[in-house]
Structures are given as C-alpha cells and as structure tokens.
Amino acid sequence: TLPDGYEKDGSKSHQLSLYEKAQQDGCGITKEQRIRDVTEAWKQSYSPRAFVNALAARGYVLATGKRPYVLIDVYGNMNALPKLIDDRNLRTNDIRKFLANEFPPERLPSVDEVRAAAAKHREERGADTLGPDADSPRKALERKQLSTAT
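So, how was this worked out
- Residues numbered from 1 in each chain as written.
- Predicted model: local features only at pLDDT ≥ 70, side-chain atom pairs only at ≥ 80, totals over all residues.
- Heavy atoms only, no water.
- Pairing = 2+ DSSP bridges.
- Helix = DSSP H or I, 4+ residues; strand = E, 2+ residues; numbered from the N terminus.
- 1 Å grid on protein atoms, 1.4 Å probe; cavity = no way out; pocket = protein on both sides within 12 Å on 5 of 7 lines; lining within 4 Å.
- Points joined across faces, edges and corners; volume = space filled by probe spheres on them.
- Nonpolar A, V, L, I, M, F, W, Y, C, P; charged D, E, K, R; others polar.
- Buried < 20%, exposed > 50% of the residue type's maximum accessible area, 1.4 Å probe, protein only.
- Contact = heavy atoms within 4.5 Å.
- Core = buried A, V, L, I, M, F, W, Y, C linked by side-chain atoms within 4.5 Å.
- pLDDT = per-residue confidence, 0-100.
- Axes fitted to C-alpha atoms, helices over the stretch in contact; angles between N-to-C directions.
- Parallel < 35°, antiparallel > 145°, perpendicular 65-115°, else oblique.
- Left-handed = near helix turned anticlockwise from the far one by under 90°.

Further remarks concern the pairing of strand β1 (residues 60-63). Where β1 meets strand β2 (residues 70-73), four bridges bridge the pair, whose relative direction is antiparallel. Residue pairing for β2: Ala63 is matched across the bridge by Val70. The loop that links β1 with its antiparallel partner β2 comprises six residues.

Below, the structure written as structure tokens:
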C-alpha cells in the first residue's frame, strides 16, 4: 500500500512529492496554504517592495539558490517562487522581470544564510512556539505575523 497522496488516480495534480510531504509533516502548512498565501501577496502588491513586504508579513523570505528567486519560510523550508503563484497567465520570466530592478538575485541572501537566520529565530522563540512539535504551526506563524504588524 502507498502512503496517502500517492495512489494512482490518474491525476498528478493532487499528489505531493516526497519533499512536499516532508515539508507539510514538519511544519503543518499544506502546499495549498503556501500557494494561497503567496498568490494573495502577489495579487495585492503593486510594486516589488510591496510584494516582498507582503511575503515577509506571511513568514517568507526571498532568497537565491539554484534558482534566482526562492522562498524560505520560518521553518527553513525552500520553495521556488514561481511555483507558488497560482496564475496561469504568469510566466517565470514575468516574475523575474518584476523583481529584477529592486531585488536582483546577486543581492539576495543565499538559501543557507536565510535558513541559518530562521533556525536562530526558532531557537530564540523556543520550540513551544515554532516547529513540528508545536500545537499548531499555522497559529504560531499567525502569532508571529501579528506581532510584527503591531
């Protein structure tokens, strides 16, 4: 028997990769929630700076890795930015052009730098407020967002 999400039902869109499954199990945030958060930030932003600020308010940091633009969350999970924006008319090059002037990839922190900062942040906050053992990782992220908004 295959784990949940790996049954062959003819549709690959609902199946999680092993990496996505590990991310979800580790932090409690589903792929759909990530996509919804990032897409909402994209649609509400009128400039690159507003977009990056909206991502930060949702717990994501823009970084550079093997791809020019990736997002790292407070748990240290990495995702390619274009894959988290649910807009069929939007292309990767459109996102790169939008961000390139204010946030060129060579000026962004590396994935390792952001992960180290996220680990330090989690350590400072304590395991009881962030991490896979928390009662609700989603609520911990929302508490963090509320505390930075005020």
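Let us now look at the environment of Gln33. Here Gln33 lies in helix α2 (residues 31-44). For the pair formed by Gln33 and Leu84, sequence separation is 51 residues and the distance between their alpha carbons is 9.7 Å.

With that out of the way, let us pick up the layout of surface pockets. There is about 380 Å³ of room inside the largest pocket. Lining the largest pocket we find 15 residues, and of these Tyr19, Met78, Asn79, Ala80 and Lys83 sit closest to its centre. Put simply, the parts of the chain that give the lining of the largest pocket at least two residues each are α1 (18-27), α2 and β3 (78-80). Of the residues assigned to the lining of the largest pocket, the class counts are five nonpolar, four polar and six charged. There is about 220 Å³ of room inside the second largest pocket. Together, Lys31, Ile35, Pro82, Lys83, Ile85, Asp86, Asp87, Arg88, Leu90, Arg91, Thr92 and Ile95 line the second largest pocket. Every element with two or more residues in the lining of the second largest pocket is listed here: α2 and α4 (92-100). Class assignment for the residues of the lining of the second largest pocket results in five nonpolar, one polar and six charged.

On to helix α3 (residues 48-57), then. Among all positions of α3, only Pro48, Ala50, Phe51, Val52, Ala54 and Leu55 are buried. The inward-facing, buried residues of α3 contact α2, β1, β2 and α4.

With that settled, the discussion passes to the nonpolar core. Counting residues in each nonpolar core, the largest one holds 20 residues, and the members touching the most others are Val38, Phe51, Leu62, Leu71, Leu81, Ile85 and Leu99. At the level of secondary structure, the elements contributing two or more residues to this core comprise α2, α3, β1 and α4. The contact partners of Phe51, leaving out residues within four places of it in the chain, are Val38, Ala41, Trp42, Ser45, Leu81, Ile85, Phe98 and Leu99. Counting five residues, the second largest nonpolar core, distinct from the first, contains Ala63, Ile72, Val111 and Val114.

Further remarks concern the confidence of the model for the protein. When the pLDDT values of the protein are averaged, the result is 81; 77% of them are 70 or greater. Below a pLDDT of 50 lies the segment residues 128-136, which in the model reaches 15 contacts outside its immediate sequence neighbourhood of four places, other chains included.

Looking now at the packing of α2 against α3. Direction vectors running N to C along α2 and α3 enclose 150°, while the axes themselves pass 8 Å from each other. Between α2 and α3, the interaxial angle falls into the category roughly antiparallel. In this structure, α2 crosses over α3, and the sense of that crossing is right-handed. Contacts from Val38, Ala41 and Trp42 in α2 reach Phe51, Ala54 and Leu55 in α3.

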